[in-house]
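# Geometric and topological summary
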Amino acid sequence: MATTTTTTIIPPSTPTLTRNHYARLLLSRPSPYNPPDDPPSDDSPPLSDLALHNLAASRILVIGAGGLGCEILKNLALSGFKKIEVIDMDTIDVSNLNRQFLFREKDVGRAKASVAAEFVMARVPGCDIVAYVGRIQDKDEDYYAQFNLVITGLDSIEARRWINSTLVGLVDDSNPDSLKPLIDGGTEGFKGQSRVILPTVTSCIECQLDMHAPRPQVPLCTLASIPRQPSHCVEWAHIIKWEQERKDIVLDTDDPEHITWLYTAALARAKDFNIEGVTYSLTQGVVKNIIPAIASTNAIIAASCVSEAFKIVTSSAPFLGNPGASNYMLYTGDSGVYTYTFEHQKKDDCPVCGNLPKEITLDPESTLGELVEGLAERPEAQLKKPNLRTEGKTLYYSSPASLEESTRGNLSKRLGELLQDGEEFAVSDAAFGIDFRFVVRFS
Ligand SMILES: [Zn+2]
């Protein structure tokens, strides 16, 4: 017969641990950066103290307080970072609550940056987080110059390109403090990446732009004449039908009435072509260009970003982006569990950090209009409102309206008429503050 004995477990007496206990242990271990045979002299503090001081004193800017941003803020605070700012312009939507774990139902409608900052500060005493609700473009160079490091958790490529060119522009060769490492995290479903950019030293986001190839666009003629997929019917309702029937109303993708209108139109079109699968949520997904967000992928990528920040600030281990080493980590969770780390090379003809114009092969018989349209789709440009000029003349300006009108006539002209082989032309887009320089090579 089994007997039950009750044992009282007496816990061994443990000293009260400070919040930094384990960070201090980690930072006290011998490492290539902290050699055991090179002890600090008696009057200098141990390296672990210096590293902990750096953690507490570094000013970190986090851009984005969404799925990645919540994880990044939490990890930073729990790792010992104390001076953090966060920028985000969005407000909390009920659909965010499944993964953006710093938000609760009562917070719906409030600004993400403010709620995230309040939550983490309440949970981690001693951590100071300043929230800014607005666009990154609202802030000037002086604002960005005050940080030691910038971490981005964004879903917009445009915002990444903007902060990248701003940080490259800040670098002053005579002032080492002007170089602000940029750690960029991104996820798409089960896939993600983290990368470290040392502006002007390693390859920048603009050098790496072809890693974000634009989504292939369905030709307008397919939408207009022979749709094959449910998404084609939604795009047709979105691009063509809305323009025909509701031209005077600005489409608001957050307005349920607008989505319902598009859904009804898309469904009718799908019936005409015997296409199945048009639903309300598909309509919403196509129109809002929704990328599925998975909480675990966000957690993995945010952890990688904050680990790199920790290593950079404490000099405790070699970090991603060490010049001459890997600077890009790809995580592939959709075909197993796979990570791959490599060095993305800096490009001499990068419009942001390089100094050479890029060669562009053009057909002299094609028109300027075709070139302008193509700039949106070229993986290395992705410009939606480009302005084009040569040294001597203006070719085409998308804005302002008066310049657009006076240069519109050039769109139908042959490139052979407007440009010469070997001539250089510049393309800019107000959204990025980047000047692309191209040299024409006629095919
Ligand atoms: Zn670059």
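For the structure itself, consult the block above.
What comes next concerns the included structure. (Residues numbered from 1 in each chain as written. Predicted model: local features only at pLDDT ≥ 70, side-chain atom pairs only at ≥ 80, totals over all residues.)

As a further point, take the overall build of the protein chain. From N to C terminus, the protein chain includes 14 helices and 13 strands. Going through the 443 residues of the protein chain one by one, you find that 37% of them count as buried. A separation threshold of at least 6 residues defines the contact pool for the protein chain, and within that pool the share at least 24 residues apart is 65%. (Helix = DSSP H or I, 4+ residues; strand = E, 2+ residues; numbered from the N terminus. Buried ≥ 20, exposed ≤ 12 C-beta atoms within 10 Å, placed from the backbone. Contact = placed C-beta atoms within 7 Å.)

This brings us to the pairing of strand β3 (residues 128-133). Both strand β2 (residues 83-88) and β3 contribute to a ladder of six bridges, which runs parallel. Bridge pairing links Asp-88 to Val-133 in β3. Of the crossover connections in this fold, the one passing from β2 over helix α4 (residues 112-123) to the parallel β3 is right-handed. (Pairing = 2+ DSSP bridges. Right-handed = clockwise from strand over helix to strand, strands pointing away.)

The mixed open sheet is built from five strands, whose spatial order is β9-β13-β12-β10-β11. Each end of this open sheet is capped by a strand with a single partner; those strands are β9 (358-362) and β11 (394-397). Strand-to-strand twist in this sheet, taken as the mean axis angle between neighbours without regard to direction, amounts to 30°. Looking at chain direction, β9 and strand β13 (residues 434-442) are connected through five bridges and run parallel. (Axes fitted to C-alpha atoms, helices over the stretch in contact; angles between N-to-C directions.)

Our focus in this paragraph is unusual backbone geometry. Phi is mostly negative for residues that are not glycine, and the peptide bonds are mostly trans. Geometrically, the link from Ser-399 to Pro-400 is a cis peptide bond, its omega value of -5° lying close to zero. Tracing the backbone shows Pro-400 in the loop between β11 and α13 (401-407).

Here we come to the sheet that holds strand β1 (residues 59-63). The strand order β3-β2-β1-β4-β5-β6-β7-β8 describes an open sheet built from eight strands, whose pairing is mixed. The open sheet terminates on both sides in strands that have one partner only, identified here as β3 and β8 (338-342). Each strand axis lies, on average, 15° off the axis of its neighbour in the sheet, ignoring direction. Across the sheet, helix α3 (residues 67-79) is in contact with β1, β2, β3, β4 (149-153) and β5 (182-188); its angle to β2 comes to roughly 175°.

Among soluble globular proteins, nonpolar side chains are generally buried collectively. In terms of nonpolar packing, the biggest core is built from 88 residues, with Leu-73, Val-86, Ala-116, Val-120 and Ala-309 touching the most fellow members. Of all the elements, helix α11 (residues 295-314) adds the most residues to this core, at 10 residues. Counting contributing residues, this core receives three or more from each of domain 1 (53-212 + 293-342) and domain 3 (358-442). Setting aside residues no more than four positions away along its own chain, Ala-116 makes contact with Ala-65, Gly-69, Cys-70, Leu-73, Val-86 and Leu-102. In this structure, Trp-236, Leu-262, Ala-270 and Val-287 belong to the second largest nonpolar core, which totals 14 residues. (Core = buried A, V, L, I, M, F, W, Y, C linked by C-beta atoms within 7 Å. Domains from an automatic or database assignment.)

In this section: the packing of α3 against α11. Their axes nearest at 9 Å, the elements α3 and α11 cross at an angle of 40°. Viewed along their axes, α3 and α11 adopt a mutual orientation that is oblique. Remark: the crossing between α3 and α11 carries right-handed chirality. Here α3 contributes Gly-67, Leu-68, Glu-71, Ile-72, Asn-75, Leu-76 and Ser-79 to the contact with α11, which in turn contributes Asn-298, Ala-299, Ile-301, Ala-302, Ala-303, Cys-305, Val-306, Ala-309 and Phe-310. For the contact of α3 with α11, the class distribution of residues is 11 nonpolar, four polar and one charged. (Parallel < 35°, antiparallel > 145°, perpendicular 65-115°, else oblique. Left-handed = near helix turned anticlockwise from the far one by under 90°. Nonpolar A, V, L, I, M, F, W, Y, C, P; charged D, E, K, R; others polar.)

With that settled, consider the environment of Asp-248. Summarising the element assignment, Asp-248 is placed in the loop between α8 (230-245) and α9 (256-272). Through-space distance from the C-alpha of Asp-248 to that of Asp-349 is 43 Å; in sequence the pair is 101 residues apart.

A word on the pairing of β13. In the sheet, strand β12 (residues 424-429) pairs with β13 via six bridges, with the strands oriented antiparallel. Note on β13: the bridge partner recorded for Ser-428 is Asp-435. Between β12 and the antiparallel strand that follows it, β13, lie four residues; Gly-433 among them carries a positive phi value of about 65°.

Further remarks concern helix α12 (residues 368-377). Regarding α12, the residues found buried are Leu-368, Leu-371, Val-372 and Leu-375. Taken down its axis, α12 places every buried residue within 100° of arc, on the same side. On its buried side, α12 packs onto β9, β10 (386-390), β11, α14 (415-418) and β12. (Arc of directions from axis to C-beta.)

This part covers α11. In a regular helix each residue adds 1.5 Å, so 20 residues correspond to 28 Å; α11 covers 28 Å between its end C-alpha atoms and thus fits that length. Most of α11 sits inside the fold, with 15 of its 20 residues counted as buried. Ser-315 sits one or two residues past α11 and shows a positive phi near 50°. (Expected span 1.5 Å × (residues − 1).)

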